[in-house]
Amino acid sequence: MEVSDLYAKFPLLCSSGPSKSPQAFHGFIKIGDVDHEVYLKTPHFPALKGMTLSTDTQLSCIVNSCQLQLLEVEEKCSTILDYLLKFQQICSSRSKEEQLVEDLSMLQNSFFKCLLSHLEDIGWSRVTQVSSDFSAISLETRDKKGRSHTLRVKVGAGYPQEEPIVETDLPVDLKFSWNSVAGLSCIISAWEEQLTDLQQFWDVLDELDGSVLVLDPPNPARRHTTRRILLSNHVSVQMTVSVAHPNSLPQCHLLGASRLTAPLNTLLTDKYEEWDPERSIVSNLEAILGVNVVKSRAAGTGGEAEEWSAECAVCYCLHLEDSLPDLTCDHCSQAFHVPCLYEWLCGLTNSRQSMNVIFGECPYCTQLISCKVPA
Ligand SMILES: [Zn+2]
Ligand SMILES: [Zn+2]
């Protein structure tokens, strides 16, 4: 190995001492994109033996962090050139790694700084839950009537440029226009505006939930627009309340034995114009259908509420997984879950099955009843 080989690879080094066997070099070595100052003592040039290397402070930090690797290389290399090439390679990749880590932490710092300041803007009192990496945040607010509402925000690493994903408990989609400077506050203000608009809707549903027997959903949430309520013994009505006009006639679907529901359906069709938005849903139903809607036990009407039955007459439960007793006996009007009735009929010796329908005696009145074989 000649001195010229070394200069070919490291043109910014200068030698001192005899030109054939220089005792020292001074100059710069490129690590990554930066030229770092170095000073080499090379008592046995071109052999590596006895070489010492001093570097500028910045490069010393890099050298210190990969000392083990450099020691290994030092043992393997015999010439100064070999060693310097390996040295350059190891330090370059190390400095690249450090740059990446630094960039990442800068990025994270700006993400947290921004998110924290946006949370501060909307007020920490609204924050009920934050995941450890701040990617999922739950917010709570109360409306004028004291009802609590929850909003979940999923924040990506690109926040605030990247729009967060929002989940609400509203019966409508929350519309907002994302603004990375305002951050979460644009969601909150759109949300609270929406909550104000929905007050009447929830007033109507709260009144309904508090006064009558709601069969379904078992635990109504703020987003649910549908209620199935027990109208009278063996007849229930599934109503979808309009979000925009909650006091108007809801979409109604009567459920129960057809001999019981048919006359009520006729009344609904004939007298729907008598629906009075000034009255509650329950008063309207009672006036139009001429029934006394079964009141909830909580409403404290006493006595009456005990007499209704909506449960399945086989398993005595209201809910079987998610389904309600949807099949009614045409004779005694008892309601059953299809799987319960099917199992019951299968256990009877005088039941018969044809195609996918089973016929047998009603467990309640022993008259003929049939049901489809559950899927
Ligand atoms: Zn059942
Ligand atoms: Zn029956």
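Throughout this document, residue positions are counted from 1 along each chain, in the order its sequence is written. Chains and ligands are labelled by the order in which they are written, letters from A for the one and numbers from 1 for the other. Owing to the predicted nature of the model, reporting of local features is limited to residues with pLDDT of at least 70; listing and counting of side-chain atom pairs is limited to 80 or more, with chain, interface and lining totals taken over all residues. The side-chain quantities take in all heavy atoms of the structure and omit both hydrogens and water.

Considerations on the overall build of the protein
Right, so step 1: Across its full length, the protein carries nine helices and 17 strands.
Right, so step 2: Taking 21 Å as the expected radius of gyration for a compact globule of 375 residues, we find that the protein reaches 40 Å, considerably beyond that expectation.
Right, so step 3: When accessible area is computed with a 1.4 Å probe and restricted to protein chains, residues below 20% of their type maximum are described as buried, those above 50% as exposed, and intermediate ones as partly exposed. Going through the 375 residues of the protein one by one, you find that 37% of them count as buried.
Right, so step 4: A separation threshold of at least 6 residues defines the contact pool for the protein, and within that pool the share at least 24 residues apart is 42%. Only DSSP runs of H or I covering at least 4 residues are called helices, and only runs of E covering at least 2 are called strands; the numbering of each starts at the N terminus. As defined in this context, the radius of gyration uses C-alpha atoms, and a globule is described by 2.2 Å times the residue total to the power 0.38. Residue contacts are defined here by distance: any two heavy atoms, one from each residue, within 4.5 Å place the two residues in contact.

Regarding unusual backbone geometry
Right, so step 1: With omega at 5 degrees, the peptide bond leading from Tyr 159 into Pro 160 counts as cis.
Right, so step 2: Tracing the backbone through its elements, the reader meets Pro 160 in the loop between β7 (148-154) and β8 (165-168).
Right, so step 3: With an omega dihedral of -5 degrees, the bond running from Asp 216 to Pro 217 counts as a cis peptide bond.
Right, so step 4: Even without a glycine there, the phi angle at Thr 366 is positive, about 65 degrees.
Right, so step 5: Within the secondary structure, Thr 366 is located in the loop between β16 (357-361) and β17 (368-372).
Right, so step 6: Taking the relative accessible area as the measure of exposure, Thr 366 reaches 48% and is therefore partly exposed.

Section: the confidence of the model for the protein
Low-pLDDT stretches of the model should not have their predicted coordinates read in fine detail.
Right, so step 1: Within the protein, residue pLDDT values average 89, and 97% of them lie at 70 or more.
Right, so step 2: Within the protein, the element-level pLDDT minimum falls on strand β9 (residues 214-216), averaging 86, and the maximum on β8, averaging 96.
Right, so step 3: Per residue, pLDDT measures the predictor's confidence, with a range of 0 to 100. In this model residues 300-306 is a low-confidence stretch, pLDDT under 50, and it forms five contacts with partners more than four residues away in sequence or in other chains.

A short note on the packing of helix α4 (residues 80-122) against helix α5 (residues 184-197)
Right, so step 1: Here, axes are lines fitted to C-alpha atoms. For helices the fit covers the stretch in contact, and angles between N-to-C directions go from 0 to 180 degrees. Where α4 contacts α5, the two axes come as close as 8 Å, and the packing angle between them is 30 degrees. Classed by the angle they form, the pair α4 and α5 counts as roughly parallel. When α4 is examined against α5, the residues Leu 115, His 118, Leu 119, Asp 121 and Ile 122 are found in contact with a partner set consisting of Leu 184, Ser 185 and Ile 188.
Right, so step 2: Residues that form the contact of α4 with α5 fall into these classes: five nonpolar, two polar and one charged. When describing relative orientation, an angle under 35 degrees is termed roughly parallel and one over 145 degrees roughly antiparallel, while 65 to 115 degrees is termed roughly perpendicular and anything else oblique. Think of it as three bins: nonpolar holds Ala, Val, Leu, Ile, Met, Phe, Trp, Tyr, Cys and Pro, charged holds Asp, Glu, Lys and Arg, and polar takes everything else, Gly as well.

Focus: the coordination of the zinc ion (ligand 2)
Right, so step 1: Atoms of type N, O and S within 2.8 Å of a metal are treated as its donors, and for Na, K and Ca the window is 3.2 Å; water is not considered, so some sites may appear to be missing partners. The zinc ion (ligand 2) binds to the protein through Cys 329 (SG), Cys 332 (SG), Cys 362 (SG) and Cys 365 (SG), with metal-donor distances spanning 2.2 to 2.3 Å.
Right, so step 2: The rule is simple: four donors are tetrahedral if all their angles sit between 85 and 135 degrees, four are square planar and six octahedral if opposite donors span more than 155 degrees and the others lie between 65 and 115, and anything that fits none of that is irregular. Given four donor atoms and angles of 106 to 115 degrees at the metal, the environment of the zinc ion (ligand 2) is assigned as tetrahedral.
Right, so step 3: Expressed as a motif, the donor residue spacing for the zinc ion (ligand 2) is C-x2-C-x29-C-x2-C. Taken together, the residues Cys 329 in the loop between β13 (327-328) and β14 (335-336) and Cys 362 in the loop between β16 and β17 connect sequence positions 33 residues apart.
Right, so step 4: By relative accessible area, Cys 329 is classed as buried at 0%.

Here we look at the packing of helix α7 (residues 258-271) against helix α8 (residues 281-289)
Right, so step 1: Interaxial distance between α7 and α8 falls to 9 Å at its minimum, and their mutual angle equals 105 degrees. Here α7 lies roughly perpendicular to α8, going by the angle between them. Contacts from Leu 264, Leu 267, Leu 268 and Lys 271 of α7 reach α8 at Ala 287, Ile 288 and Leu 289.
Right, so step 2: A breakdown of the residues in the contact of α7 with α8 according to their chemical character gives six nonpolar, no polar and one charged.

Describing the pairing of β16
Right, so step 1: Strand pairing requires that DSSP identify at least two bridges connecting the strands. Of the strand pairs in this sheet, strand β15 (residues 352-354) and β16 are connected by three bridges, and their pairing is antiparallel. From the neighbouring strand, Arg 352 faces β16, where its bridge partner is Phe 359.
Right, so step 2: From the end of β15 to the start of β16, which pair antiparallel, there are two residues, and Met 355 there has a positive phi angle of about 55 degrees.
Right, so step 3: As judged from the five bridges shared by β16 and β17, these two strands associate in the antiparallel manner. In the sheet register, Gly 360 faces β17, and the bridge partner there is Ile 369.
Right, so step 4: In sequence, β16 turns back onto β17 through a hairpin of six residues, with Thr 366 there showing a positive phi of about 65 degrees.

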